[in-house]
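Below, each chain spelled out in residue letters.
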Amino acid sequence: MLKVGVLGAGHLGKIHLRLLQQSEKYELVGFYDENQEYAQKIAKEFGYTNFTTIAKLIHAVDVIDIVTPTLSHYKCARAAIKSGKHVFIEKPISNTIEEAEEIIALANEYNVKGQVGHVERFNPAFIATKNMIENPMFIETHRLAEFNPRGTDVPVVLDLMIHDIDVILSVVNSKVKNISASGVSVISETPDIANARIEFENGCVANLTASRISMKNMRKTRFFQKDAYISVDFLEKKCEVVKMKDAPEVPGDFDMILQNAEGVKKQIYFSNPDVTQNNAILDELETFADAINNNTTPIVTLNQATEALRVAYQIIDCFKK
């Protein structure tokens, strides 16, 4: 079991603490939160060990789980990596591209592993369909959330849309060619609703919409590719696959057949792949333990998270123009 410590005991930090304590792959040593009065309350309530400095916690563990506000990710990661500790960092990897690249350089220099908490990669509906997504040419995403003051300190692109950016970059095997976007600030200082169009060199186009002032929650992505349409509902954890194949010579009574203008007949198949329910946060933390123990590549690498951040900032730059 790897000894792990958590930095940050806020809303998400408390979830990480609970799951790490349950995990059979980690031994939870304790946590640090800069608000020591609050930290003592959490320690007393849940029985976790509260460390009074970051340095003491880093010294006592093999892995540091960084669940602090984004502004402090770099500082925390730097301290942990320089002490030779593996780092799990909540998304986004850091506040700037320069910081993210520095984290990558340090991890390489000190030969430690890093993973970033892009949790939708572990969503069971995405896992159920991931192997069916082959060379998509059009992708549409909607990530809508009801208003929550927590998170409005960053643009909606870094708060919500970055989840979809990461998922898209993980399935499109091509470089980004062009980005156009628009965003509107409704009640925050930064955009609350945004739409972006990402064009890739291979011709794929992704259209992303994110809002944190919606009347309802929605997290849906649709992938369109030759002879198939795949819909993933990240919120309801459901998926649907519609495939087209050449129609049989003699269709059955209930076969669904389409014929195009050239007379080519296709049969449509609907399927709902089995979705194995999981705890995505626990899975991302435990696959990181596996990557450390087996010396393999983490599922969401520091480099991939940096590319997602780079695209996010290119979208934000479009707002300024």
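Residues numbered from 1 in each chain as written. Predicted model: local features only at pLDDT ≥ 70, side-chain atom pairs only at ≥ 80, totals over all residues. Heavy atoms only, no water.

## Some remarks on the overall build of the protein chain
In terms of regular secondary structure, the protein chain is built from 9 helices and 14 strands. Relative to the compact-globule value of 20 Å for 321 residues, the protein chain shows a C-alpha radius of gyration of 22 Å, a close match. Taking the principal axes of the C-alpha coordinates as reference, the protein chain spans close to 75 × 45 × 40 Å. Residues classed as buried in the protein chain amount to 50% of the 321 residues present. (Helix = DSSP H or I, 4+ residues; strand = E, 2+ residues; numbered from the N terminus. Rg over C-alpha atoms; globule rule 2.2 N^0.38 Å. Buried < 20%, exposed > 50% of the residue type's maximum accessible area, 1.4 Å probe, protein only.)

## Some details on the pairing of strand β10 (residues 218-225)
Where strand β6 (residues 138-144) lies against β10, 7 bridges are found, and the strand directions are antiparallel. The residue bridging His142 from the neighbouring strand is Lys220, located in β10. The antiparallel pairing of β10 with strand β11 (residues 228-233) creates a hairpin that spans 2 residues between the two strands, and Asp227 there sits at a positive phi of about 65°. (Pairing = 2+ DSSP bridges.)

## Looking at the pattern of salt bridges
In this structure the tally under the stated criterion is 13 salt bridges. Residue Asp192 is joined to Arg212 by a salt bridge in which the shortest nitrogen-to-oxygen separation is 2.9 Å. Taken together, the residues span a long stretch of sequence, with Asp192 in the loop between β7 (176-184) and β8 (193-200) and Arg212 in the loop between β9 (205-211) and β10 at a distance of 20 residues. The partner of Glu307 in a salt bridge is Arg310, with the nearest N and O atoms 3.2 Å apart. Remark: Arg310 and Glu307 occur in helix α9 (residues 302-320); sequence separation between them is 3 residues, near one turn of the helix. Salt bridges sharing partners connect three or more residues here, namely Glu120, Arg143, Asp164 and Arg219. (Salt bridge = Lys/Arg side-chain N within 4 Å of Asp/Glu carboxyl O.)

## Remarks on the side chain of Glu284
Mapping Glu284 onto the fold places it in helix α8 (residues 280-294). Despite its burial, Glu284 remains without a salt bridge, the nearest opposite charge being carried by Arg121 at 9.1 Å. With residues up to four places along the chain from it excluded, the contact list for Glu284 reads Phe88, Glu90, Gln115, Gly117, His118, Val119 and Phe122. (Lys, Arg positive; Asp, Glu negative; His and termini not counted. Contact = heavy atoms within 4.5 Å.)

## Describing the UniProt feature "domain: Gfo/Idh/MocA-like oxidoreductase N-terminal" (unreviewed entry) in the protein chain
Listed under "domain: Gfo/Idh/MocA-like oxidoreductase N-terminal" (unreviewed entry) in the UniProt record, and renumbered for this structure, are residues 2-118. When the span residues 2-118 is considered, its composition is 45% helix and 22% strand, and the gap between its end C-alpha atoms is 21 Å. (UniProt positions renumbered as here; feature names shortened; annotations may be inferred.)

## A few points about unusual backbone geometry
Residue Lys91 is joined to Pro92 through a cis peptide bond whose omega torsion reads -10°. As for its placement among the helices and strands, Pro92 is situated in the loop between β4 (86-90) and α5 (97-109). Even without a glycine there, the phi angle at Asn111 is positive, about 55°. Secondary-structure assignment places Asn111 in the loop between α5 and β5 (114-117).

## Structural notes on the packing of aromatic side chains
Within this structure, the stated rule accounts for 6 aromatic pairs. Ring geometry for Phe138 versus Phe224: centroids 5.8 Å apart, planes at 35°, classification tilted. Of this pair, Phe138 sits in strand β6 while Phe224 is found in strand β10, placing the two residues 86 residues apart along the sequence. In textbook terms, an aromatic cluster arises when at least three aromatic residues are bridged by ring pairs, as seen for Phe31, Phe46 and Tyr48. One residue, Arg143, lies across the ring of Phe234, its end atom 5.8 Å from the ring centre. One Lys or Arg, Lys245, reaches over the ring of Tyr269 and ends 4.9 Å from the middle of that ring. (Phe/Tyr/Trp six-rings, centres within 6.5 Å; stacked < 30°, edge-to-face > 60°. Lys NZ or Arg CZ within 6 Å of the ring centre and 35° of its normal.)

## Thoughts on the sheet that holds β5
Read across the open sheet, the 5 strands follow the order β2-β1-β3-β4-β5; overall the sheet is parallel. Strands at the two margins of the open sheet, each flanked by one partner only, are β2 (26-32) and β5. The mean inter-strand angle of the sheet, taken between neighbouring strand axes irrespective of direction, is 20°. Where strand β1 (residues 2-7) and β2 come together, 6 bridges link them in parallel fashion. (Axes fitted to C-alpha atoms, helices over the stretch in contact; angles between N-to-C directions.)

## Quick look at the packing of helix α4 (residues 73-82) against α5
Pairs of packed helices are described in terms of their axes, by the angle between the two and the distance that separates them. Where α4 meets α5, the axes come as close as 10 Å, and the angle between the chain directions of the two elements is 10°. Taken together, the axes of α4 and α5 lie roughly parallel to each other. For the pair α4 and α5, contact is made by Tyr74, Ala77, Arg78, Ile81 and Lys82 and by Glu99, Glu102, Ile103, Leu106 and Ala107, respectively. (Parallel < 35°, antiparallel > 145°, perpendicular 65-115°, else oblique.)

## Some points on a nonpolar patch on the surface
A surface patch of nonpolar side chains, about 430 Å² in accessible area, is lined by Phe147, Val184, Val186, Ile187 and Ile193. Along the chain, the position of Val184 falls in strand β7. Take Val184: its relative accessible area is 46%, and that puts it in the partly exposed class. (Patch = residues over 30% accessible without salt bridge, like charges linked within 9 Å, V, L, I, M, F, W, Y side chains within 5 Å. Areas by Shrake-Rupley, 256 points an atom, 1.4 Å probe, with all protein chains shown as cover.)

## Considerations on α4
Buried within α4 we find His73, Cys76, Ala77, Ala80 and Ile81. In an axial view of α4, the angular spread of the buried residues amounts to 120°, which keeps them on one side of the axis. At the exit of α4 stands Gly84, carrying a positive phi of roughly 80°. (Arc of directions from axis to C-beta.)

## Concerning the nonpolar core
Grouped together as the largest cluster of nonpolar side chains are 93 residues, with contacts concentrated most on Val157 and Ile315. Excluding residues within four positions of it along the chain, Val157 makes contact with Ile162, Ile165, Ala194, Ala312, Ile315, Ile316 and Phe319. (Core = buried A, V, L, I, M, F, W, Y, C linked by side-chain atoms within 4.5 Å.)

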